[in-house]
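One letter stands for each residue in the lines below.
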Amino acid sequence: MNFFRGVISGQAAGPQPSGAETIQKLCDRVASSTLLEDRRDAVRALKSLSKKYRMEVGTQAMDHLINILQTDRSDSEILGYALDTLYNVICNDEEEEQDENAQKQADDLGLQFTDTFVQDPEHVTLLLTLLEEFDFHVRWPGVKLLTALLKNQGPQIQGIILVSPMGVSRLMDLLADSREVIRNDGLLLLQQLTKSNAAIQKIVAFENAFERLLDIITEEGSSDGGIVVEDCLLLLLNLLKNNSSNQNFFKEGSYIQRMKPWFEVGDDNSGWSAQKVTNLHLMLQLVRVMVSPVNSPGATASCQKSMFQCGLLQQLCTILMATGVPADILTETINTVSEVIRGSQVNQDYFASVNAPSNPPRPAIVVLLMSMVNERQPFVLRCAVLYCFQCFLYKNQKGQGEIVATLLPSTIDANSISAGQLLCGGLFSADSLSNWCAAVALAHALQDNLTQKEQLLRVQLATSLGKPPVSLLQQCTNILSQGDKIVRRGSKVQTRVGLLMLLCTWISNCPIAVTHFLHNQENVPFLTAQISENLGEDERLVQGLCALLLGICIYYNDNSLENYTKEKLKQLIEKRIGKENFVEKLCFITKHELYSRAAQKPQPVFPSPEQMLFDHEFTKLVKELEGVITKAVHKSSEEEKKEEEVKKTLEQHDNIVTQYKELIREQDAQLQELKEQVACMTSQNEQLQATITQQQSQILQHKDQYNILKLKLAKENQGQSNSQGDGSQVNGLQTEELTQLREEVEELRKQHSLLQTQLGDKDALISSLKSGAAQTAEGPAGGSDDTELLQELEALRSQVQSQSTEIGQLKMERQDLLRRAEVGCSDTLPSSDSSLDAAKMAELESRLGAQTSEMERLKAEVKNLSESRAELEKRLDSTTSTVAILQTEKEKLQTDVQESKKEQDDLLMLLADQDQKITNLKKRLKELGETVEDEDDLDTRDQTDDDDEEDEDED
């Protein structure tokens, strides 16, 4: 105890031992002390040294600490010290004053000790068991230790917990702990546990995690809450992100509706705390996870519908139009609204009806577009607005038509700013980013919509006073061809890429637009000149897009212009550019690094404005057209003619197939009508058959009544005699007796069947008893009982057989009586036959009584046999249990004998080694000149000493 006090207090006399020596002594004390108090003091001392001497404590004391967890389960104090010590050794606490090398060494050390701890999976299972302890000093350090293990070796610990019985359920109980410290650290533990493991995420979700976490968020104040709300939201993100099963469970559980109160903001939005901004940011991310474009379309549409019905979309739009909202929250809200309305017609229509609280009110779309084309707005905000506009137009032909209509001359309102005016202003402004954003936004208004592509050809622009207006298509090509005169040299690549993407989207799959584009005599020479030049790396992308635009003009050309037919354009490419060079420039688009990045997801996310070159939907268009344009350029005129012939043949074939399909449809309709008629006729036929059957039965009844009346009339005419009446009475009496006899015979038959069943049961019992007697060598008593049972059952079998013969005789007599009764029904029986039948009946009744008494006796015997069987089964069970006990004792004794033999062998080996060592030592002493007495000399001396003592005693 003095030693421990010296270690803890630091007061020790003499030279101070090193840390490693102190830790070694403490470990020896933990391993060897028998008193719990001594071990507790030693573990406490190790805990105090574990941070300063982390390496030494982890290397020397880990096994002893784990042993403490296994053996001293009854003392919560020593368990708490051991868990704290292990946590200090394994945890990698990041300290600000440490440099990167020191932090890396600490991380490596924690990883090394974690590997040592989890070498045996039972250690993790033991830790899970300790978490069931309610004691604060055990549960809290246990939670922290398991969290540190998951941080260092997450996948391995997750696998152990997953196969542990009720492992995840034990950890979920931490959320219900009334002590906030444990509950909050339990949240951190579950965050680490659910990272990148779908199986654990599903188990946690089905352990009612969503309900508990949402309750905690509400209790803590929702978005106004503290760090606990943030931890709950991070755990919810872990559970829902990329997990379709949990997302469906969240939606089906009506938890989306509980998210609406999170986004209720007041009129005064100034002075938001950093924690509130973080919480609301995570809440918006949670909404986005449920409607992410990477989810399945069906699940996304269902969540979008729920968000509109519960009012969540309306609440988000309120934040969108509110004043004083921080910029990053506003940006994330725009992105969230974008994905909530993407591809949902109902949500898109609602968003189109939202107005900003301005005077006069303006549509939200117009207000957002004003931010997008304003170069003073933050870059991320402008990207978010572009994404919102793209999502509004995604699969929304109605919205596309409304946007294009704002550009047409008949719908322009000079007193208000429209979306079309803002897009045209951004398209031709001096800011290259505004040019690119406006071009991409306008391209989305034309995406997969042939009608709007043709409508946009009607748009006319007034370039300057005194000059005639030009079409929008012509103005875009003018900007491309004039280049340096209109846009600044430093940013012209971004502008030209945006305009080329717009033109490619516009004229693709629209032959009329292709004709309008080719009608301008300057466009094709400009494109060929751009493609054929050898320019720098930045301009190669523009060359590739020019090649794509020219290829679209070839592929979708309807040959309406003589100077620019498909064949002439291909000849122009072959002469001016070269087919191989053309294809090489075209393929450069897909090889560009920014193209691959834009193709990954729909949201435009760019680290800087300079890298904003490609749109996600445009990458799909390039992927679709690259191959067909390459084939179209390489094809000769003959091949095209063959293809046209094949197309015509296919069209004819399609027409024939269509005709046959229509014929088959007509025949199907006729067949369906005939089937309905057949079904109707079948039902009518069934009704008529039922009517006929009913009428036939009525006719039979009338016939029977007629015959009865006829017989009555005949009897009245003949005048029946009294004797005949007496005979009829006798015949009636005989009929009643025969009926009673039939019932008695039927009863005897049932009793016979019952006896047969009981006999079968007894046979099965005898077989089982025989097999049991053969296996259990119990002695002659059991054999004699079985012999008696066999004899009794043989007697029963013989009696039952005799009863069966008697029942057979009764059956024969019954059949004879029935035949005679039938004969008696037609003619009146004489009185002698009646007396004979009465005698027969008396005999049958006497035999029936005898059979009944015999049956009662047999039942009693069967009961006795059942009792004997039960007694034999009890004796057999007791014998079996005795044999099992003896067998267990025998095995135990054999094990003890083996252990004793092993111990004796070990002792003999130790004695032999000891003798050998003594002999060697004596030999060495003799070699060194020392006098060494052998065992024989010692025995002689002892004998001499004993004789001398005896002589002294005699004197």
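First things first, this report covers the structure right here in the doc. Because the structure is a prediction, the values reported are computed rather than measured.

1. So, the overall build of the chain
So, step 1. When helices and strands are counted, the chain shows 40 helices and 4 strands.
So, step 2. For the chain, the residues scored as buried account for 41% of the 955 residues in total.
So, step 3. Accessible surface, the chain as shown: approximately 53600 Å² in total, 51% of it carbon and sulfur.

2. Quick look at a nonpolar patch on the surface
So, step 1. Together, Ile 656, Tyr 660, Leu 663 and Ile 664 give the surface a local cluster of nonpolar side chains, amounting to about 390 Å² of exposed area.
So, step 2. One can find Ile 656 in helix α36 (residues 637-718).

3. With respect to unusual backbone geometry
So, step 1. In this model, Met 166 sits at a positive phi of 60°, which is unusual for a non-glycine residue.
So, step 2. Mapped onto the elements of the fold, Met 166 is located in the loop between α9 (154-163) and α10 (167-172).
So, step 3. Judged by relative accessible area, Met 166 falls into the exposed class, the value being 56%.
So, step 4. The backbone of Asn 559 sits at a positive phi, close to 60°, despite the residue not being glycine.
So, step 5. For Asn 559, the position within the fold is in the loop between α31 (537-555) and α32 (566-576).
So, step 6. The partly exposed category is assigned to Asn 559, whose relative accessible area is 37%.

4. Quick notes on a negative patch on the surface
So, step 1. Negative charge collects at one region of the surface, where Asp 896, Glu 899, Glu 903, Asp 905 and Asp 906 lie side by side.
So, step 2. Glu 903 sits in the exposed class, given a relative accessible area of 52%.

5. Brief notes about the pattern of salt bridges
So, step 1. In total, this model carries 21 salt bridges according to the counting rule given.
So, step 2. The partner of Asp 349 in a salt bridge is Lys 398, with the nearest N and O atoms 4.0 Å apart. Linking Asp 349 in helix α20 (residues 345-353) with Lys 398 in helix α23 (residues 397-405), this pair joins segments that are 49 residues apart in sequence.
So, step 3. With a shortest N-O distance of 3.0 Å, Asp 431 and Arg 382 are connected by a salt bridge. Here Asp 431, found in the loop between α24 (419-427) and α25 (432-446), pairs with Arg 382, found in helix α22 (residues 379-393); they are 49 residues apart in sequence, far enough to count as distant. Each member of the pair, Asp 431 as well as Arg 382, carries the same accessibility label: buried.
So, step 4. One network of salt bridges, with partners in common, ties together Arg 40, Asp 41, Arg 44, Asp 75 and Glu 77.

6. Remarks on the packing of aromatic side chains
So, step 1. Applying the stated rule across the entire model yields 11 aromatic pairs.
So, step 2. Ring pairs connect the aromatic residues Phe 206, Phe 210, Phe 249, Phe 250 and Tyr 255, which therefore count as one cluster.
So, step 3. Looking at Lys 276, its charged tip hangs above the ring of Trp 272, at a distance of 4.6 Å from the centre.
So, step 4. Residue placement shows Arg 342 over the ring face of Tyr 394; its charged tip is 3.8 Å from the ring centre.

7. Structural notes on helix α19 (residues 327-341)
So, step 1. Compared with the 21 Å implied by 1.5 Å per residue over 15 residues, the 21 Å span of α19 between its first and last C-alpha is a close match.
So, step 2. Across the 15 residues that make up α19, a large majority, 12, are buried.
So, step 3. If you check which residues of α19 are buried, you get Ile 329, Thr 331, Glu 332, Thr 333, Ile 334, Asn 335, Thr 336, Val 337, Ser 338, Glu 339, Val 340 and Ile 341.
So, step 4. Count one or two residues on from α19 and you reach Gly 343, which has phi positive near 80°.

8. Examining the state of the cysteines
So, step 1. Counted according to the given criterion, the structure contains 0 disulfides.
So, step 2. Cysteine Cys 317 is unpaired, with the sulfur of Cys 388 as its nearest cysteine sulfur at 8.3 Å.

9. Section: helix α2 (residues 19-32)
So, step 1. An ideal rise of 1.5 Å per residue puts 20 Å on 14 residues; α2 measures up with 20 Å between its terminal C-alpha atoms.
So, step 2. Buried residues of α2: Gly 19, Thr 22, Ile 23, Leu 26, Cys 27 and Val 30, and no others. Along the axis of α2, the buried residues cluster in a sector spanning 135°; they form a single face. Turned more than 90 degrees away from the buried face of α2 sit Ala 31 and Ser 32, all of them exposed.

10. Looking at the nonpolar core
So, step 1. Ranked by internal contacts, the top residues of the largest apolar core, which has 210 residues, are Leu 146, Leu 171, Phe 263, Phe 351, Trp 506, Leu 548 and Phe 582.
So, step 2. Per-element accounting of this core gives the leading share, 12 residues, to α22.
So, step 3. If we skip the residues at most four places from it in the chain, Phe 351 touches Cys 317, Leu 320, Val 337, Ile 341, Ile 365, Leu 368, Cys 388 and Phe 392.

11. Considering the packing of helix α30 (residues 523-532) against α32
So, step 1. Contact pair α30 / α32: the axes reach a minimum separation of 10 Å and the direction vectors enclose 35°. When you trace α30 past α32, the crossing you get is right-handed. Where α30 abuts α32, its residues Val 524, Thr 528 and Ser 532 lie against Leu 569, Leu 572 and Arg 576.
So, step 2. Residue composition of the contact of α30 with α32, grouped by class: 3 nonpolar, 2 polar and 1 charged.

12. Brief notes about the side chain of Lys 276
So, step 1. Positionally, Lys 276 belongs in helix α16 (residues 274-290).
So, step 2. On the basis of relative accessible area, Lys 276 is assigned to the buried category, the value being 18%.
So, step 3. At 3.3 Å, the side chain of Lys 276 forms a polar contact with the side chain of Asp 224.
So, step 4. Apart from residues no more than four positions distant in its own chain, Lys 276 is found in contact with Ser 223 and Asp 224.

13. A few points about the side chain of Arg 342
So, step 1. For Arg 342, the location among the structural elements is in the loop between α19 and α20.
So, step 2. Each residue touching Arg 342, except ones within four places of it in the same chain, is listed here: Pro 293, Gln 304, Gln 348, Tyr 387, Cys 391, Tyr 394, Pro 602 and Glu 617.

Conventions adopted
- Residues numbered from 1 in each chain as written.
- Predicted model: local features only at pLDDT ≥ 70, side-chain atom pairs only at ≥ 80, totals over all residues.
- Heavy atoms only, no water.
- Helix = DSSP H or I, 4+ residues; strand = E, 2+ residues; numbered from the N terminus.
- Buried < 20%, exposed > 50% of the residue type's maximum accessible area, 1.4 Å probe, protein only.
- Areas by Shrake-Rupley, 256 points an atom, 1.4 Å probe, with all protein chains shown as cover.
- Patch = residues over 30% accessible without salt bridge, like charges linked within 9 Å, V, L, I, M, F, W, Y side chains within 5 Å.
- Salt bridge = Lys/Arg side-chain N within 4 Å of Asp/Glu carboxyl O.
- Lys, Arg positive; Asp, Glu negative; His and termini not counted.
- Charge placed at Lys NZ, Arg CZ, Asp CG, Glu CD.
- Phe/Tyr/Trp six-rings, centres within 6.5 Å; stacked < 30°, edge-to-face > 60°.
- Lys NZ or Arg CZ within 6 Å of the ring centre and 35° of its normal.
- Expected span 1.5 Å × (residues − 1).
- Disulfide = S-S within 2.5 Å.
- Arc of directions from axis to C-beta.
- Core = buried A, V, L, I, M, F, W, Y, C linked by side-chain atoms within 4.5 Å.
- Contact = heavy atoms within 4.5 Å.
- Axes fitted to C-alpha atoms, helices over the stretch in contact; angles between N-to-C directions.
- Left-handed = near helix turned anticlockwise from the far one by under 90°.
- Nonpolar A, V, L, I, M, F, W, Y, C, P; charged D, E, K, R; others polar.
- Polar contact = N/O pair within 3.5 Å; in protein donor to acceptor, adjacent residues only side chain to side chain.

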